[in-house]
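An overview of the molecular structure
Spelled out, the chains give:
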Amino acid sequence: SLLASSSGSSLVGFIQSGTGAVARTVQDKARDIISVKDFGAKGDGVADDTAAINAANTAATSAGKSLRWPAGTYISSGIPVISGMSWVGESESSTIIKLKNGTNAGLITSATSLMHDVSIRNLRFDGNSANNTAGDTLVIKGSRPLLHDVIVVNSAGTGITTDWLQ
């Protein structure tokens, strides 16, 4: 029953193979990575994952860690950009963030040009224009952004909007 409790992983040891590896708990090892699924995102293409995504994004950014996106289709009615956020998907063909039907607003949005150090890798953003009549898909404003292996499709509004400051 102790291992099945919420702190059970702190009772189990882990040591990486290789010379010089040090012992840690499974809990410490698991907390190396923050995933949207840790906060309840389903990624099944049906459930509204907005609340889980926003909670995970805040937690990962506050901890100074990248937010991991396992393969799947994550439905959202909007995600605000946070300075310093770092997102890493499995691949731009298998990890999709899709605008919820009938939202008719932006999917990923920067409120101001004061955002900085935003990094997005290996993700596909789907504006779902078949089920939305308005809404920009990816709006990143600010300084020092990094977009790598990012695909934007089906935008009802503008696909990508930037006003990057260098």
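Up top is the structure.
1. What to know about the overall build of the protein chain
Check the secondary structure of the protein chain and you find two helices and 14 strands. Expressed as lengths along the three principal axes of its C-alpha atoms, the size of the protein chain is roughly 50 × 40 × 25 Å. Counting the 166 residues in the protein chain, one finds 34% classified as buried. Counting only contacts in the protein chain whose residues sit at least 6 apart along the sequence, the fraction spanning at least 24 positions is 60%.

2. Structural notes on a nonpolar patch on the surface
Nonpolar side chains collect at one region of the surface, where Leu2, Leu3, Leu11, Val12 and Val26 lie side by side and expose about 460 Å² of accessible area between them. Secondary-structure assignment places valine 26 in helix H1 (residues 26-30). For valine 26, a relative accessible area of 31% gives the class partly exposed.

3. A few points about the pattern of salt bridges
This structure, assessed with the given rule, holds three salt bridges. With a shortest N-O distance of 2.8 Å, arginine 24 and aspartate 32 are connected by a salt bridge. Overall, the relative accessible area of 29% leaves arginine 24 in the partly exposed class. A relative accessible area of 38% places aspartate 32 in the partly exposed class. Note that aspartate 48 and lysine 100 form a salt bridge whose closest N and O atoms lie 3.1 Å from each other. Highlighted residues: aspartate 48 in strand E4 (residues 44-48) and lysine 100 in the loop between strand E9 (95-99) and strand E10 (108-109), separated in sequence by 52 residues.

4. As for the packing of aromatic side chains
Inspection of every chain in the model, using the stated rule, returns three aromatic pairs. Clustering of aromatic rings is evident, with ring pairs tying together Trp69, Tyr74, Trp87 and Phe125.

5. Examining the nonpolar core
Counting residues in each nonpolar core, the largest one holds 25 residues, and the members touching the most others are Leu67, Trp69, Trp87, Ile97, Ile108, Ile120 and Phe125. Broken down by secondary-structure element, the contributors of at least two residues to this core are helix H2 (50-63), strand E5 (67-69), E9, strand E11 (119-126) and strand E12 (138-140). By residue number, the principal contributor to this core is H2, which donates four residues. Those residues within four positions of isoleucine 108 in sequence are excluded, and the remaining contacts are Ile79, Val81, Trp87, Phe125, Thr137, Leu138, Val139 and Ile140.

6. Some words on unusual backbone geometry
For residues besides glycine, phi is generally negative; the peptide bonds are generally trans as well. If you check the backbone angles, asparagine 104 has positive phi at about 55° while not being a glycine. Within the secondary structure, asparagine 104 is located in the loop between E9 and E10. The residue asparagine 122 is not glycine, and still its phi comes out positive at about 60°. A relative accessible area of 19% places asparagine 122 in the buried class.

The rules behind the values
Every chain begins its residue count from 1, and numbering advances along the sequence as written. For this predicted model, a pLDDT threshold of at least 70 governs which residues receive local features, and a threshold of 80 or more governs which side-chain atom pairs are given and counted, while totals over whole chains, interfaces and linings are taken from all residues. Only heavy atoms go into the side-chain values, all of them from the structure, while hydrogens and water stay out. Going along the chain from the N terminus, every DSSP run of H or I of four or more residues is numbered as a helix, and every run of E of two or more is numbered as a strand. Accessibility here uses a 1.4 Å probe with only protein chains present; expressed as a share of the type maximum, an area under 20% marks a residue as buried, one over 50% as exposed, and anything in between as partly exposed. Contact between two residues is taken to exist if any of their heavy atoms lie within 4.5 Å; hydrogens are not considered. Nonpolar side chains (Val, Leu, Ile, Met, Phe, Trp, Tyr) within 5 Å and like charges within 9 Å form the patches, drawn only from residues with over 30% relative accessible area and no salt bridge. The Shrake-Rupley method, run with a 1.4 Å probe, gives the accessible areas here. Residue values count only the displayed protein chains as cover. Criterion for a salt bridge: a side-chain nitrogen of Lys or Arg within 4 Å of a carboxyl oxygen of Asp or Glu. Two rings from Phe, Tyr or Trp (for Trp, the six-membered ring) form a pair when their centres are within 6.5 Å of each other. A pair whose planes differ by under 30 degrees is stacked, one over 60 is edge-to-face, and the rest are tilted. What we call a nonpolar core is a set of buried Ala, Val, Leu, Ile, Met, Phe, Trp, Tyr and Cys residues that are connected through their side-chain atoms within 4.5 Å.

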